[in-house]
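Per-entry structural report
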Amino acid sequence: MLNKNMTKVEIERELKNQGDYVQIDNITRFLKQSPALDVKKFLYAILIDIYDRRKMFGEAADICGKLAEIMLDEKEKVVCLKKEIEFYVKAGIFERADSVFNRTLGEVKASERPKIKLEIREFYKRQAGVYEKERRRSLAVKTYEKLLTMDVPEYEKKEIEENLLKLYKELGMVSEYLKLAKR
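Okay, so let's go over this structure. (Residues numbered from 1 in each chain as written. Predicted model: local features only at pLDDT ≥ 70, side-chain atom pairs only at ≥ 80, totals over all residues. Heavy atoms only, no water.)

Some points on the nonpolar core
Just so we agree on the cut-off: Definition used in this section: a nonpolar core is a set of buried Ala, Val, Leu, Ile, Met, Phe, Trp, Tyr and Cys residues joined via side-chain atoms within 4.5 Å. Per-residue accessibility, obtained with a 1.4 Å probe over protein chains only, is compared with the maximum for each type, and a residue is labelled buried under 20%, exposed over 50%, and partly exposed between these values. Numbered from the N terminus, helices here are DSSP runs of H or I no shorter than four residues, and strands are runs of E no shorter than two. In what follows, residue pairs with any heavy atoms lying within 4.5 Å of each other are defined as contacts.
Membership of the largest hydrophobic core comes to 59 residues, with the highest contact counts inside it found for Ile-11, Ile-27, Leu-43, Leu-47, Tyr-124, Tyr-144 and Leu-164. Considering every element that reaches this core, the biggest residue donor is helix H3 (residues 37-53), with nine residues. Here Leu-164 is in contact with Val-141, Tyr-144, Glu-145, Leu-148 and Leu-180, once residues within four sequence places are set aside.

So this is what it looks like as structure tokens:
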């Protein structure tokens, strides 16, 4: 059982022989005891890793958000926020991804905003490709449609529209196909 007097090494040793769900339970209960900040960061990192491995992306995103809240360094905070956005996109929860995205833009200098916008847009594109490869066409459609609402250069917009047309056809989404084909 985890306790406040344990070091990171001892915590790791304690968790080593436990299954993922037991680790999640033990860590979650231990975090309620308000451990030291460095231990909290360490445990959040473990939880994020477990949730990512288990493809529990919404939960991983939530933990990234909690980790971002306790980060003192601005760069580390922005890294956590970007990771939170990525997990929400992987989970298909675009509303929350947008919310965190806007919060992230508020956390950085104006000069850094275009770079972050590009990184997030590129992640959406990669994730849409992943969905296509996994034959999760509905999520790919949702992701490509989301991309079209973003500030995308014209040549990329054409590529996204071509992908959407193909997916609409495969999914039998006739009205969407015809509407996009007319543009």
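Observations regarding the environment of Cys-80
Tracing the chain through its elements places Cys-80 in helix H5 (residues 74-91). Note: C-alpha distance between Cys-80 and Ile-63 (17 residues apart in sequence) is 9.4 Å. In this structure, Cys-80 is in contact with Cys-64, Leu-67, Ala-68 and Met-71, ignoring residues within four places of it in sequence.

Description of unusual backbone geometry
In this structure, Ser-34 is a non-glycine residue whose phi angle is positive, near 55°. One non-glycine residue, Arg-135, adopts positive backbone phi at about 60°. By secondary structure assignment, the location of Arg-135 is in the loop between helix H7 (113-133) and helix H8 (137-148).

Comments concerning the packing of aromatic side chains
Quick reminder of the rule: Two rings belonging to Phe, Tyr or Trp (six-membered ring only in the last case) form a pair when the distance between their centres is within 6.5 Å. Interplanar angles under 30 degrees mark stacking, angles over 60 mark edge-to-face geometry, and anything in between is tilted.
This structure, assessed with the given rule, holds two aromatic pairs. Measuring from ring centre to ring centre gives 6.2 Å for Phe-57 and Phe-87, while their planes differ by 20°; the resulting arrangement is stacked. In this pair, Phe-57 is assigned in helix H4 (residues 57-70) and Phe-87 in helix H5, connecting sequence segments 30 residues apart. Accessibility classification places Phe-57 together with Phe-87 in one group, the buried group. Relative to Tyr-124, the ring of Phe-94 lies with its centre 5.5 Å away and its plane at 45°, an arrangement referred to as tilted. Within this pair, whereas Phe-94 is found in helix H6 (residues 94-107), its partner Tyr-124 is found in helix H7, the two being separated by 30 residues in sequence.

Considering helix H2 (residues 20-31)
Using the following cut-off: Take the residue count of a helix, subtract one, and multiply by 1.5 Å to get its expected span.
Over its twelve residues, H2 runs 16 Å from end to end, which matches the ideal 16 Å to within 8%, given 1.5 Å per residue. For H2, the full list of buried residues reads Asp-20, Gln-23, Ile-24, Asn-26, Ile-27, Phe-30 and Leu-31. Where H2 is buried, its residues contact helix H1 (8-16) and H3.

Here's the deal with the packing of H5 against H7
Using the following cut-off: The convention used is that axes are lines fitted to C-alpha atoms, helices contributing only their stretch in contact, and that angles between N-to-C directions extend from 0 to 180 degrees. The labels follow the angle: roughly parallel below 35 degrees, roughly antiparallel above 145, roughly perpendicular from 65 to 115, and oblique for the rest. Whether a crossing is left-handed or right-handed is set by the direction in which the near helix is turned from the far one by less than a right angle, anticlockwise for left-handed and clockwise for right-handed. Classes in brief: Ala, Val, Leu, Ile, Met, Phe, Trp, Tyr, Cys and Pro nonpolar; Asp, Glu, Lys and Arg charged; the others, Gly included, polar.
Across the interface, H5 lies against H7 with an axial gap of 10 Å and an inter-helix angle of 30°. Relative to H7, the element H5 is oriented roughly parallel. For the element pair H5 and H7, the recorded crossing hand is right-handed. Counting all contacts with H5, which are made through Val-78, Lys-82, Ile-85, Glu-86, Val-89, Lys-90 and Ala-91, the residues of H7 involved are Ile-116, Glu-119, Ile-120, Phe-123, Tyr-124, Gln-127 and Tyr-131. When grouped by side-chain class, the residues that make up the contact of H5 with H7 number nine nonpolar, one polar and four charged.

A short note on the state of the cysteines
Short version of the rule: Criterion for a disulfide: a pair of cysteine sulfur atoms within 2.5 Å.
According to the stated counting rule, one finds zero disulfides in the structure shown. Free of any disulfide, Cys-64 has its nearest cysteine sulfur in Cys-80, 6.3 Å distant.

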